[in-house]
Amino acid sequence: GAGVSQTPSNKVTEKGKYVELRCDPISGHTALYWYRQSLGQGPEFLIYFQGTGAADDSGLPNDRFFAVRPEGSVSTLKIQRTERGDSAVYLCASSPAAGFNEQFFGPGTRLTVL
Amino acid sequence: AQSVSQHNHHVILSEAASLELGCNYSYGGTVNLFWYVQYPGQHLQLLLKYFSGDPLVKGIKGFEAEFIKSKFSFNLRKPSVQWSDTAEYFCAPPGKLIFGQGTTLQVKP
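Criteria and thresholds
- Residues numbered from 1 in each chain as written.
- Chains lettered and ligands numbered in written order.
- Predicted model: local features only at pLDDT ≥ 70, side-chain atom pairs only at ≥ 80, totals over all residues.
- Heavy atoms only, no water.
- Helix = DSSP H or I, 4+ residues; strand = E, 2+ residues; numbered from the N terminus.
- Rg over C-alpha atoms; globule rule 2.2 N^0.38 Å.
- Buried < 20%, exposed > 50% of the residue type's maximum accessible area, 1.4 Å probe, protein only.
- Contact = heavy atoms within 4.5 Å.
- Areas by Shrake-Rupley, 256 points an atom, 1.4 Å probe, with all protein chains shown as cover.
- Lys, Arg positive; Asp, Glu negative; His and termini not counted.
- Charge placed at Lys NZ, Arg CZ, Asp CG, Glu CD.
- 1 Å grid on protein atoms, 1.4 Å probe; cavity = no way out; pocket = protein on both sides within 12 Å on 5 of 7 lines; lining within 4 Å.
- Points joined across faces, edges and corners; volume = space filled by probe spheres on them.
- Nonpolar A, V, L, I, M, F, W, Y, C, P; charged D, E, K, R; others polar.
- Buried area = accessible area lost by both parts, 1.4 Å probe.
- Salt bridge = Lys/Arg side-chain N within 4 Å of Asp/Glu carboxyl O.
- Disulfide = S-S within 2.5 Å.

Student: Please clarify how the overall build of chain B should be interpreted in this entry.
Tutor: Helices and strands together make up the secondary structure of chain B, namely zero helices and eleven strands. Reading chain B from its N terminus to its C terminus gives the helix and strand order β-β-β-β-β-β-β-β-β-β-β. Over its C-alpha atoms chain B spans a radius of gyration of 13 Å, differing by no more than 12% from the 13 Å that the globule rule assigns to 109 residues. Counting only residues that meet the buried cut, chain B has 46% of its 109 residues in that class. Nonlocal contacts in chain B, meaning residues at least 24 apart in sequence, comprise 53% of its contacts between residues at least 6 apart. Of the roughly 5,200 Å² of accessible surface on chain B, a fraction of 53% belongs to carbon and sulfur atoms. With 9 positive and 7 negative side-chain charges, chain B shows a spacing of 5 Å between the two charge centroids.

Student: Explanation requested: the side chain of A:Thr76 in the structure shown.
Tutor: All names here are of chain A. Relative to the helices and strands, Thr76 is located in strand β8 (residues 75-79). Take Thr76: its relative accessible area is 17%, and that puts it in the buried class. Filtering out sequence-adjacent residues up to four positions away, Thr76 remains in contact with Glu20, Leu21, Trp34, Phe66, Ala67 and Val68.

Student: Is there a simple way to think about the layout of surface pockets in this case?
Tutor: Gaps between atoms show up when a probe of the same size as a water molecule is rolled over them. The volume enclosed by the largest pocket comes to roughly 590 Å³. A:Gln37, A:Leu39, A:Val89, A:Arg110 and B:Gln38 are the residues nearest the centre of the largest pocket, which is lined by 30 residues in total. A breakdown of the residues in the lining of the largest pocket according to their chemical character gives twelve nonpolar, 16 polar and two charged.

Student: Looking at this structure, how should I read the interface of chain B and chain A?
Tutor: Accessible area lost upon the coming together of the parts is a frequently used measure of interface size. The partner chain A presents 19 residues to the 16 residues of chain B that form the contact. Considering only the surface of chain B that becomes buried against chain A, B:His43, B:Leu44 and B:Lys96 emerge as the three largest contributors, covering 33% of it. Seen at the junction of chain B and chain A, the total is zero salt bridges. Of all the secondary-structure elements, those providing two or more residues to the side of chain B that touches chain A are β5 (33-38) and β6 (44-50) of chain B. With three residues, the single largest contributor to the side of chain B that touches chain A is β5(B). Looking at side-chain class alone, the side of chain B that touches chain A contains nine nonpolar, six polar and one charged residues.

Student: Help me understand the environment of B:Tyr39 in this model?
Tutor: All names here are of chain B. Take Tyr39: it is sitting in the loop between β5 and β6. Sequence spacing of Tyr39 and Thr86 is 47 residues, and the spatial spacing of their C-alpha atoms is 6.8 Å. The residues touching Tyr39, leaving out its near neighbours within four places in the chain, are Gln45, Lys61, Ser84, Asp85, Thr86, Ala87 and Tyr89.

Student: Explanation requested: the environment of A:Ala67 in the structure shown.
Tutor: All names here are of chain A. Note that Ala67 resides in strand β7 (residues 65-68). For the pair formed by Ala67 and Ile79, sequence separation is twelve residues and the distance between their alpha carbons is 8.6 Å. Beyond its immediate stretch of four places on either side in the chain, Ala67 contacts Trp34, Ile47, Phe49, Thr76 and Leu77.

Student: Which parts of the structure should I look at to understand the state of the cysteines?
Tutor: Simply put, disulfide is the name for a covalent bond between the sulfur atoms of two cysteines. Summed over the entire model, instances satisfying the criterion amount to two disulfides over all chains. Shown here is the disulfide that connects A:Cys23 with A:Cys92, its sulfur atoms set 1.8 Å apart. Classification of the bridge connecting A:Cys23 and A:Cys92 rests on its S-S torsion, roughly -65°, and on that basis the disulfide is left-handed. One end of the pair, A:Cys23, is in strand β3 (residues 19-24); the other, A:Cys92, is in strand β9 (residues 88-95), with 69 residues separating them in the sequence. Between the sulfur atoms of B:Cys23 and its disulfide mate B:Cys91 the distance is 1.9 Å. Between B:Cys23 and B:Cys91, the S-S dihedral sits near -55°, and the bridge is therefore left-handed. Placement of the pair is B:Cys23 in the loop between β3 (19-21) and β4 (24-25) and B:Cys91 in strand β10 (residues 87-92), with a sequence separation of 68 residues.

Student: Quick question: what am I supposed to make of the pattern of salt bridges here?
Tutor: Pairing of side chains with opposite charge becomes possible as their charged atoms draw close. All names here are of chain B. A complete count under the given rule lists eight salt bridges over all chains for this structure. The salt bridge partner of Glu64 is Lys58, with a shortest N-O separation of 2.8 Å. The closest approach of N and O atoms between Asp85 and Lys78, which form a salt bridge, is 2.9 Å. Accessibility assignment for this pair places Asp85 and Lys78 in one class, buried.

Structural data, given as C-alpha cells:
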C-alpha cells in the first residue's frame, strides 16, 4: 500500500514569507508526527497528533510554527514569517496509534529560506 | 524524560568487518527502544525494536541488538558489514521519538 507522502518535496522561500507543508499519512493511522532534521543532526520532534487533536506540541520552537489535522488524516505544518534558521528537512511520520508502535516516515520536505 | 545517547558519531569500516554501534539509555521504568536507519536519499525506516522478552533482538538485513539492563545499553551489531550498509543509524525510545545525533556509518568497498 501507499506510504506516507509529503508535498512539496522541495520548497524555496524568502525570509519573512509564509509556508505550508503537507503530510498524507498511511490510511488508518491515527497518530501523526512532525519532525525537523537539520544537516548532520538527528530528527527533532516538533508535534504529534492523535486523531484530530495535537496531543503534544512541546517541540514547536516558537509561535511562528503551527500544525493542524482537521479531519484526522492529512496534516499541514504552517510556518509564518520564515527565518533562515528554519531551513531544514521537515519529516512526517505516522503510526497505527501513539505510544510504542513503529513510525513510518515520509520522504520529507526540504525547506530553504533565502 | 526518556533520553538515549550514541557514542560513535562517525564510523568507517571496510566490507566484511564487524559492526557494533553503541546506544545507552538514561531512564528507568519500562524500557523500550528502537533502532532506525536512514540510507542515503531514502526515508527513515525501522531496523529493529525491543519491547520486552528476549533481550537479543533480530532485525532486517542481518542486524541485531542486545538489551543489557545492567549496562543501560542497546547496542546494534552486525557480524559482517556490506557497502550497502552505509547510512545514518539512530537509536530512540518510542512515542515521540527523541533522536540523538545518530551515527554515520561509512563502509568502504
